[in-house]
Amino acid sequence: MKFFVDTANLQEIQEAHDLGVLDGVTTNPSLMAKEGIFGHDNVMAHYKQICEIVDGDISAEVIATDFDGMVREGELLAELHPNIVVKVPMIRDGVKAIRHFSERGIKTNCTLVFSAGQAILAAKAGATYVSPFVGRLDDVSTDGLQLIEQIVHIYGNYGYQTQVLAASVRHVMHLVQCAELGADVVTCPLSVITGLLNHPLTDIGLQKFLADHAKGSK
Ligand code: E4P
């Protein structure tokens, strides 16, 4: 399973990269705004910086919601760097744009997916990734992980090549369960990835090993 970090914060991206387990990055307009990145030139420069840190797929989201606008923006984004994946919302013109990009060899991430039906459409359109939002479904009392299970099952039935990118992954157990269910990728904050390190028995065990080792130097 690939690990993507879901942030536009360069320090966090660098930290995730330095850990040696990072496969890519996802961003969205809210994450860019959180870092104070506004305006076409600043946004493009920021994506370039991310691509310089991480050698893996970097999702960059279009803002337009009409076909022509999405195509225009997506083509500019794709020209920035070969690792850019154009992130397109699951709307009617978005599906058409995904088909357009896939026919031209431009990678896409179909975002804001909340149902199996939407995931089937994304795969039919030739999306490279589909992003079902686990945490946001949980937020409205719907089992987000059940959607991951459903999509993995359906894609398996037909051998769809679209990769299931579990998004809106909020905690360690989300991540572990996505792995159990066979998601191809998870994207989450850095704290979720580093959260995987934690176990009290590891800390207690290490303390004891070090204390026993120190006895020899007394
Ligand atoms: C996916 O690519 C989205 O950027 C993200 O995972 C959404 O997460 P959130 O629901 O925690 O905002």
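First, a word on scope: everything that follows refers to the structure included in this document. Computed from a predicted structure; not experimentally measured.

This part covers the sheet that holds strand β5 (residues 108-113). The strand order around the closed barrel formed by 8 strands is β1-β2-β3-β4-β5-β6-β7-β8, and the pairing between neighbours is parallel. The mean angle between the axes of side-by-side strands here comes to 30°, regardless of whether they run parallel or antiparallel. Here strand β4 (residues 84-89) runs beside β5; their pairing, made up of 4 bridges, is parallel. Residue pairing in the sheet places Pro89 in a bridge with Thr111 of β5. Relative to β5, helix α6 (residues 116-125) is tilted by about 165°, and along the sheet it contacts β5 and β6 (129-132).

Our next topic: the site of the ligand. The environment of the ligand is formed by Asp6, Thr26, Asn28, Lys87, Phe133, Arg136, Ala167, Ser168 and Arg170. Within the side chain of Asn28, one N or O atom sits 2.7 Å away from an oxygen atom of the ligand. In the model, an oxygen atom of the ligand is placed 2.7 Å from a nitrogen or oxygen of the Lys87 side chain. Taken together, the residues of the shell around the ligand sort by class into 2 nonpolar, 3 polar and 4 charged.

It is worth spelling out the packing of helix α3 (residues 40-53) against helix α4 (residues 67-80) at this point. Between α3 and α4, the least distance of the axes is 10 Å, while the angle of their chain directions is 40°. Classified by the angle between their axes, α3 and α4 sit oblique to one another. Helix-helix and strand crossings are classified by hand; for α3 and α4 the assignment is right-handed. Two secondary-structure elements touch here, α3 through His40, Met44, Tyr47 and Lys48 and α4 through Leu76, Leu77 and Leu80. In the contact of α3 with α4, the residues fall into 5 nonpolar, 1 polar and 1 charged.

The next point concerns the packing of helix α1 (residues 10-18) against α3. Two packed helices can be described by the angle between their axes and the distance between those axes. For the pair α1 and α3, the least separation of the axes is 10 Å and the interaxial angle reads 15°. Classified by the angle between their axes, α1 and α3 sit roughly parallel to one another. As α1 runs across α3, the sense of the crossing is right-handed. Mapping the contact onto sequence places Leu10, Ile13, Gln14 and His17 in α1 and His46, Gln49, Ile50 and Ile53 in α3. In terms of residue class, the contact of α1 with α3 is made up of 4 nonpolar, 4 polar and no charged.

Glancing now at the pairing of β6. Where burial is concerned, the two faces of β6 agree: the one with Tyr129 and Ser131 and the one with Val130 and Pro132 are both buried. Relative to β6, β5 is paired through 3 bridges, and the arrangement is parallel. Looking at β6, one finds that Cys110 is bridged to Val130. Note that the unit made of β5, α6 and β6 has a crossover that is right-handed. Here β6 runs beside strand β7 (residues 163-166); their pairing, made up of 2 bridges, is parallel. From the neighbouring strand, Tyr129 faces β7, where its bridge partner is Gln163.

Cut-off values and rules
- Residues numbered from 1 in each chain as written.
- Predicted model: local features only at pLDDT ≥ 70, side-chain atom pairs only at ≥ 80, totals over all residues.
- Heavy atoms only, no water.
- Pairing = 2+ DSSP bridges.
- Helix = DSSP H or I, 4+ residues; strand = E, 2+ residues; numbered from the N terminus.
- Axes fitted to C-alpha atoms, helices over the stretch in contact; angles between N-to-C directions.
- Contact = heavy atoms within 4.5 Å.
- Near = heavy atom within 4 Å.
- Polar contact = N/O pair within 3.5 Å; in protein donor to acceptor, adjacent residues only side chain to side chain.
- Nonpolar A, V, L, I, M, F, W, Y, C, P; charged D, E, K, R; others polar.
- Parallel < 35°, antiparallel > 145°, perpendicular 65-115°, else oblique.
- Left-handed = near helix turned anticlockwise from the far one by under 90°.
- Buried < 20%, exposed > 50% of the residue type's maximum accessible area, 1.4 Å probe, protein only.
- Right-handed = clockwise from strand over helix to strand, strands pointing away.

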